[in-house]
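# Geometric and topological summary
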Amino acid sequence: AKRHKQGYSFTMAWCGWSVQTSCSESLSQAIDWQIALMRAREASRKGLGHRDAAHCWSTPLREDELRELFEAQPKLHVSFRFSAEHEGRVVCTPSVRGLALAADLRKRLLAAMRFPRGRKLQDALDSAHAVAIAERKNLAERRSCIEAAIDTELKRRMARVAPKRRAP
């Protein structure tokens, strides 16, 4: 686990992917997440016998493997980033939370890498960063809506159970 200002996180790489946990203030929780991620990686590697090797590169985990990871560690959030070497340098997609989005960004990056270094690759990277920013904004908006709904529900429930006061 790595220490940050916000807490501890862990990054694990496999199949060209970097999978990073969110930060936790608890070192113990970060270690639990590290163990869960290592188990998921091993399960993914064992599962390669049941799927073609190209799938390993398309996503680090299958959706069902990711679901099992989240069921085992409900407070865990992960982000995905794909890296590949192109003309002597490493190019990366931005980190995103969604597995399907990460796979799509990887696909776009690899398509752009078929061309010599130049505008096509830079356009793909710029587009990927714009998509990642939009994803973060969407997640923040959804989180805000959920928090507002929870606040409204809490107030409704508290009003229902609050003792009724008598007028003097």
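Our subject is the structure listed above.
Below is a summary of the structure that appears in this document. (Residues numbered from 1 in each chain as written. Predicted model: local features only at pLDDT ≥ 70, side-chain atom pairs only at ≥ 80, totals over all residues. Heavy atoms only, no water.)

Take the environment of Glu25 next. Here Glu25 is to be found in the loop between strand E4 (17-21) and helix H1 (27-47). Classification of Glu25 by relative accessible area gives exposed; the value is 74%. (Helix = DSSP H or I, 4+ residues; strand = E, 2+ residues; numbered from the N terminus. Buried < 20%, exposed > 50% of the residue type's maximum accessible area, 1.4 Å probe, protein only.)

Taken in spatial order, the 4 strands line up as E3-E4-E5-E6 in an open sheet, and their pairing is antiparallel. The two strands at the open ends of the sheet, each matched to only one other strand, are strand E3 (11-14) and strand E6 (89-92). The mean angle between the axes of side-by-side strands here comes to 25°, regardless of whether they run parallel or antiparallel. Relative to E6, strand E5 (residues 78-86) runs antiparallel, the two being bridged by 4 bridges. What sits directly across from Glu85, in E6, is Val90. (Pairing = 2+ DSSP bridges. Axes fitted to C-alpha atoms, helices over the stretch in contact; angles between N-to-C directions.)

This paragraph deals with the pairing of E5. Two elements, E4 and E5, share 5 bridges in a ladder whose sense is antiparallel. Following the sheet pairing, Gln20 is matched in E5 by Ser79. Where E5 folds back onto E6 in an antiparallel hairpin, the turn is made up of 2 residues, including Glu87, whose phi is positive at roughly 50°.

This brings us to the environment of Ala13. Locating Ala13 in the fold gives a position in strand E3. Considered as a pair, Ala13 and Phe82 are 69 residues apart in the sequence and their alpha carbons are 9.3 Å apart. Filtering out sequence-adjacent residues up to four positions away, Ala13 remains in contact with Ser18 and Arg41. (Contact = heavy atoms within 4.5 Å.)

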